[in-house]
Amino acid sequence: MENYDVIIIGAGAAGLTAAIYTCRKKLKTAIITLDIGGQTMLTNHIENYPGFDLIPGPELMSKFEQQASKFGAEMIMGEVELIKKKKIGFTVELKNKETYDTKTIILAFGKTARRMNIPGEDKFFGRGVSTCATCDAPFYKEKTVAVIGGGNSALEAAELLTQFAKKVYLIHRRNEFRADEVTIEKIKKMKKIEILLNWLPEEVKGDKFVESFTIKNAKDEKTLKVDGVFVEIGYELKTDWLKSLVNLTDSGEIKIDERCRTSQAGIFAAGDVTTVPFKQTVISAGEGAKAGLESYKYIKGDTTAIDWK
Ligand code: NDP
């Protein structure tokens, strides 16, 4: 079994920055992750990351990844299912049953896109169903798409999609949006966007790829001919599997102190998955750096834990 000094779970801004710091301290570091780049990948225009006037999220994350790899971070693609505490250190078990031993862990897997949980959604995920308009919009040139949701993500996705698609249905379950007023006003004026309010998602249908999307309300049901369905209905934290190991808030965020320590000595956490206020790329990067440096201190003997009582 492979032995690491640090296993980082998640490869967003927090996880990749943590890896840069641990690798530069010559700690043997692996990042176990389902995807690379995290939430920042979903943003096309970043204007508040210092050092860059304007940079697309995917470009910024690609720089993070290259830097982490350059310093020696190993990337393991997979989903962690279990963390077992040993006498010294931890064993991390993946869904595919691979296991890795490590002295410390940094939890940095952020949030997960919420799913509609309707028939056809899983079957066509990656074949017309997407949770990332920034990544997939260019595939829908002259096509018809549906965007689901009423928050800033959904409205911004609809706006972005008008640059490629010939028609965009914006489908929301209530009769008013929760996005910013400025964005709502802009969307209402866009000719390619047809707004459908008070409609719930019902089913995604197709053959090899998405061909239609059925929606319903109290009185009616209708099927829209679409080539793509963009699910933009917010995010959720998947931390339930950790609750016997670290303290969580009622909403599932991992409780940390100002040094990114969790309630479990040797386990640190950083970024959107934690209680740190403001979910921003620059903040996640800073938190990742702190968690990386704290892991180093811990391995060097500073094993002080917080008294969570
Ligand atoms: P939000 O939680 O703000 O909105 C989610 C939307 O999806 C809501 O309109 C909700 O409906 C709807 N929804 C939730 N579950 C379902 C479901 N099962 N079926 C159908 N519809 C559903 O998430 P966002 O991702 O839009 O935004 C998250 C945060 O990030 C917000 O604070 C937002 O302001 C921020 N953000 C900011 C941006 C910016 O400033 N440029 C860009 C993107 C996000 P309902 O309204 O009925 O609850």
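### Focus on the domain arrangement of the protein chain
A common measure of how large an interface is: the accessible area buried when the components associate.
Now for step 1: For the protein chain, the assigned domains read domain 1 (2-111 + 237-299) and domain 2 (129-231).
Now for step 2: The centre of domain 1, based on its C-alpha atoms, is set 32 Å off from the matching centre of domain 2.
Now for step 3: Taken together, the contact pairs four residues of domain 1 with five residues of domain 2.
Now for step 4: Taking both partners together, domain 1 and domain 2 bury about 310 Å²; carbon and sulfur atoms supply 65% of that area.

### With respect to the site of the ligand
Now for step 1: Taken together, 14 residues surround the ligand, and among them Asn152, Ser153, Glu156, Arg174 and Arg178 come closest.
Now for step 2: Here Arg178 contributes a side-chain N or O atom positioned 2.7 Å from an oxygen atom of the ligand.
Now for step 3: Contact with the protein chains covers 66% of the free accessible surface of the ligand, which is 920 Å².
Now for step 4: Counting residues per element, the shell around the ligand draws most heavily on helix α4 (residues 152-161), which supplies three residues.
Now for step 5: Its residues assigned to classes, the shell around the ligand shows two nonpolar, seven polar and five charged.

### Some words on the packing of α4 against helix α5 (residues 181-188)
Now for step 1: Where α4 meets α5, the closest approach of the two axes is 10 Å, and the angle between their N-to-C directions is 35°. α5 is crossed by α4, and the crossing has left-handed handedness. Each of Asn152, Leu155, Glu156, Ala158 and Glu159 in α4 lies in contact with α5, whose residues at this interface are Thr183, Ile184, Lys186 and Ile187.
Now for step 2: Its residues assigned to classes, the contact of α4 with α5 shows four nonpolar, two polar and three charged.

### Topic: the sheet that holds strand β13 (residues 210-216)
Now for step 1: Here three strands make up an open sheet; going across it, the order is β12-β13-β14 and the pairing antiparallel. Two strands lie at the open edges of the sheet, namely β12 (200-206) and β14 (221-225), each paired on one side alone. The mean angle between the axes of side-by-side strands here comes to 25°, regardless of whether they run parallel or antiparallel.
Now for step 2: Of the pairings in the sheet, the one linking β13 to β14 comprises five bridges and is antiparallel in character. If you follow Thr214 over to β14, its bridge partner there is Thr223.

### Remarks on a negative patch on the surface
Now for step 1: A grouping of Glu156, Asp180, Glu181 and Glu185 is seen on the molecular surface, where their side chains present a negatively charged patch.
Now for step 2: Note that Glu185 resides in helix α5.
Now for step 3: Residue Glu185 is classed as partly exposed on the basis of its relative accessible area, which comes to 38%.

### Considerations on the packing of aromatic side chains
Now for step 1: A full pass over the atoms with the stated rule returns six aromatic pairs.
Now for step 2: For the ring pair Tyr49 and Phe64, a centre distance of 5.9 Å and an interplane angle of 65° mean the geometry is edge-to-face. Of this pair, Tyr49 sits in the loop between β2 (29-36) and α2 (57-70) while Phe64 is found in helix α2, placing the two residues 15 residues apart along the sequence. Like Phe64, Tyr49 is buried.
Now for step 3: Plain terms: the ring middles of Tyr140 and Phe230 are 5.3 Å apart, the flat faces sit at 75° to each other, and that makes the pair edge-to-face. Placement of Tyr140 in the loop between α3 (133-136) and β9 (144-148) and of Phe230 in strand β15 (residues 228-231) is noted, with a sequence separation of 90 residues between them. Accessibility classification places Tyr140 together with Phe230 in one group, the buried group.

### Side note on unusual backbone geometry
Now for step 1: Even without being a glycine, Asn117 presents a positive backbone phi close to 55°.
Now for step 2: Within the secondary structure layout, Asn117 lies in the loop between β7 (112-113) and β8 (129-130).
Now for step 3: Exposure remark for Asn117: the relative accessible area of 68% places this residue in the exposed category.

What counts as what
- Residues numbered from 1 in each chain as written.
- Predicted model: local features only at pLDDT ≥ 70, side-chain atom pairs only at ≥ 80, totals over all residues.
- Heavy atoms only, no water.
- Domains from an automatic or database assignment.
- Contact = heavy atoms within 4.5 Å.
- Buried area = accessible area lost by both parts, 1.4 Å probe.
- Near = heavy atom within 4 Å.
- Polar contact = N/O pair within 3.5 Å; in protein donor to acceptor, adjacent residues only side chain to side chain.
- Areas by Shrake-Rupley, 256 points an atom, 1.4 Å probe, with all protein chains shown as cover.
- Helix = DSSP H or I, 4+ residues; strand = E, 2+ residues; numbered from the N terminus.
- Nonpolar A, V, L, I, M, F, W, Y, C, P; charged D, E, K, R; others polar.
- Axes fitted to C-alpha atoms, helices over the stretch in contact; angles between N-to-C directions.
- Left-handed = near helix turned anticlockwise from the far one by under 90°.
- Pairing = 2+ DSSP bridges.
- Patch = residues over 30% accessible without salt bridge, like charges linked within 9 Å, V, L, I, M, F, W, Y side chains within 5 Å.
- Salt bridge = Lys/Arg side-chain N within 4 Å of Asp/Glu carboxyl O.
- Lys, Arg positive; Asp, Glu negative; His and termini not counted.
- Charge placed at Lys NZ, Arg CZ, Asp CG, Glu CD.
- Buried < 20%, exposed > 50% of the residue type's maximum accessible area, 1.4 Å probe, protein only.
- Phe/Tyr/Trp six-rings, centres within 6.5 Å; stacked < 30°, edge-to-face > 60°.

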